[in-house]
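Tertiary structure, described
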Amino acid sequence: MNGRRGRLVLLVALLLVGWGAIPPGVATGASGETASVATPGATNVSTAGAANAQNAGTTDVATAGGATDAPTVGVATDAPTNRTATASRRPDDESERTTAVGVKVTGGTLPVDADRVWGRVEAMHGTNVVPPVVRVDDSDPRPTKKMLPPKFLRVLGAKPARLNPPTPGVNGRVSPRGRVTMSVADAPPKAVEHVLAHEFAHVVQQSADVLERLPDGNYLLAKSTIEGGAEYVEDVYARRYQDHSSLAATRRAYQNGTAFQKWAIAPYYFGARYVRSRVSSPRELSSVYANPPTTTEQVLHDYPPGAEPAKSLSVTVDETGEWQARPPGRKGELFVRVALTTELDETRAARAAAGWGNDALVQFRRTPRGRDPGYAWVLRWDDRSNATQFRRAFETVLDRQATRTDAGWRRDDTAYRVERVSDETVAVFAGHPQFVANAAAEGSRDDVAITVDSNGRRPGDARGGSAFENDRQ
């Protein structure tokens, strides 16, 4: 298995895991947009495909995070089957298929006709795919433990939470080999049916090698495409066969969720909205998968893939002292919005994130192996006004979460500082107090250098630290 294929198999496990659990394992990295990072003595390294592994803290709390942007997940261990799957077009006939199509149900029974649901989903896509095996899991799908957010989101103030599915009492997931697992508690058959349609949509995606077509990287972006497609199919199914919208429940779950819950639900909700803006039928989904969005800005605002490309941004690490820089990751506008909702309402958070142009997050750890990381998050905005709006919103979040000091902000063992690098670019330092005190950013709107002076550089010594103090007013 080559390196790229291995990453894709892991990403399949990441993307298709169900609502009820986010198991431990491997993290993803950054998206293939125009940002880079370099360490001393090295040329700039593209953020595409770079991993950003982090420690996952836990005691009696399950963890949903170990990476800067993604929950850590493992590769499913289902035994391989001899089934192969290929996708092909049917005649333009979306009539319901009611004959048995060979869905094998193991481990228990479902309160719905799996063959009928599979036939409908296949007809909606216009494909001819080898039917999957569905395993019924008798465990309760309702979460009993709170989960920890991804490390960087936690540093920004997100609290542990139970990741409740929008459809209570039922959870589905698909392994990298196309095996569907359904956990059903006391959910009504109607709910089980449309969730099963969602999981069958993932099986169709796998048969067409959809994951092979997506760029390596940004978790929220990739998940918005994959889960957005399946969520769209589920909603079309519910509207067509059950006379209701399943996406309405997803929207309510997002609107009423905590920041961490929003992070988990956002790719489903915004992804489905985005897909719906580009197609008029599940038969057209292949056009989205062949030409997917390249930023979460496009997902949020229904822009086609070629519109509003990420602005140029290069971030270099010039000097690190005892702090070692790790490969960068892009967070994107959706992550910015979610992070701001730790303290701000959705409307203000969306407004402050809307001028996003690009960003790069660099994680630092003390050498040889420090436990408490530091973060340098460089964000380029569309213009000066957008940069100012974000800075003011982010500082409001810090004022509500932490204590303002002469050096920035402090909350327990975590420090924060915000620097204006240029008219369009802002740098956020967060994490270990020593790192935050000695890190600095300077440069231009599209070319930023990060330094960490172990000899004790004072905050504000960097060029961007004092040139734009009027933005605090």
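Residues numbered from 1 in each chain as written. Predicted model: local features only at pLDDT ≥ 70, side-chain atom pairs only at ≥ 80, totals over all residues. Heavy atoms only, no water.

1. Let's talk about the packing of helix 11 (residues 332-340) against helix 12 (residues 346-353)
One can describe the packing of helix 11 onto helix 12 by two numbers: an axis separation of 8 Å at closest approach and a directional angle of 140°. Considering how the two elements wind past one another, helix 11 and helix 12 form a crossing that is right-handed. Contacts between helix 11 and helix 12 involve Glu 333, Val 336, Arg 337 and Leu 340 from the former and Glu 346, Ala 349, Ala 350, Ala 352 and Ala 353 from the latter. Classifying every residue of the contact of helix 11 with helix 12 gives 6 nonpolar, no polar and 3 charged. (Axes fitted to C-alpha atoms, helices over the stretch in contact; angles between N-to-C directions. Helix = DSSP H or I, 4+ residues; strand = E, 2+ residues; numbered from the N terminus. Left-handed = near helix turned anticlockwise from the far one by under 90°. Contact = heavy atoms within 4.5 Å. Nonpolar A, V, L, I, M, F, W, Y, C, P; charged D, E, K, R; others polar.)

2. Re helix 11
Buried residues dominate helix 11, accounting for 9 of its 9 residues. Of all the residues in helix 11, the buried ones are Gly 332, Glu 333, Leu 334, Phe 335, Val 336, Arg 337, Val 338, Ala 339 and Leu 340. (Buried < 20%, exposed > 50% of the residue type's maximum accessible area, 1.4 Å probe, protein only.)

3. Here we look at the environment of Thr 316
By the element assignment, Thr 316 lies in strand 9 (residues 313-319). Residue class for Thr 316 comes out buried when judged on its relative accessible area of 16%. Between the alpha carbons of Thr 316 and Ala 449 there is a distance of 4.8 Å; along the sequence they are 133 residues apart.

4. So, the confidence of the model for the protein chain
Scored by pLDDT, the protein chain has a mean of 79; 73% of the residues are at 70 or more. Low confidence marks residues 457-473, where pLDDT is under 50. Its contacts with residues over four positions away, or in another chain, come to 42 contacts. (pLDDT = per-residue confidence, 0-100.)

5. Brief notes about the packing of helix 6 (residues 219-242) against helix 7 (residues 246-256)
Where helix 6 meets helix 7, the axes come as close as 7 Å, and the angle between the chain directions of the two elements is 130°. As the angle between them shows, helix 6 and helix 7 are arranged oblique. Taking contact as the criterion, the partners of Glu 231, Glu 234, Asp 235 and Ala 238 in helix 6 are, on helix 7, Ser 246, Leu 247 and Thr 250. Among the residues making up the contact of helix 6 with helix 7, the classes are represented as 2 nonpolar, 2 polar and 3 charged. (Parallel < 35°, antiparallel > 145°, perpendicular 65-115°, else oblique.)

6. Looking at the nonpolar core
Core analysis: the largest hydrophobic core is formed by 55 residues, its most contacted members being Trp 263, Phe 335, Val 336, Leu 340, Trp 377, Phe 390 and Phe 394. At 10 residues, the largest contribution of residues to this core is made by helix 8 (residues 259-278). Once residues within four sequence positions are removed from consideration, Val 336 is found in contact with Ala 353, Trp 356, Trp 377, Leu 379, Trp 381 and Phe 390. Val 134, Leu 214, Val 236 and Val 279 belong to the second-largest nonpolar core, a separate cluster that totals 39 residues. (Core = buried A, V, L, I, M, F, W, Y, C linked by side-chain atoms within 4.5 Å.)

7. Focus: the environment of Ser 444
Locating Ser 444 in the fold gives a position in the loop between strand 17 (439-443) and strand 18 (447-452). With a relative accessible area of 30%, Ser 444 lands in the partly exposed category. Sequence separation between Ser 444 and Asp 423 is 21 residues; the distance between their C-alpha atoms is 8.4 Å. Engagement of the side chain of Ser 444 in a polar contact is seen with the side chain of Asp 446, the distance being 3.1 Å. (Polar contact = N/O pair within 3.5 Å; in protein donor to acceptor, adjacent residues only side chain to side chain.)

8. Quick notes on the sheet that holds strand 10 (residues 323-325)
An order of 10-11-12-16-15-14-13 is seen for the 7 strands of this open sheet, with the pairing classed as antiparallel. Of all the strands in the sheet, the pair left with one neighbour each is strand 10 and strand 13 (403-405). Sheet twist, expressed as the average angle between the axes of neighbouring strands with direction ignored, equals 25°. Its contacts with the sheet place helix 13 (residues 384-401) against strand 12 (374-381), strand 13, strand 14 (408-411), strand 15 (414-420) and strand 16 (425-431), and it is angled at close to 160° to strand 15. (Pairing = 2+ DSSP bridges.)

9. Details of the sheet that holds strand 5 (residues 133-137)
The strand order across the open sheet formed by 4 strands is 4-5-8-7, and the pairing between neighbours is mixed. For this open sheet the edge positions go to strand 4 (104-106) and strand 7 (170-174), each flanked by a neighbour on one side alone. Between one strand axis and the next, the sheet turns by 20° as a mean value, whatever way the strands run. The sheet contact formed by strand 5 and strand 8 (residues 180-184) spans 4 bridges and is parallel. If you follow Asp 137 over to strand 8, its bridge partner there is Ser 183.

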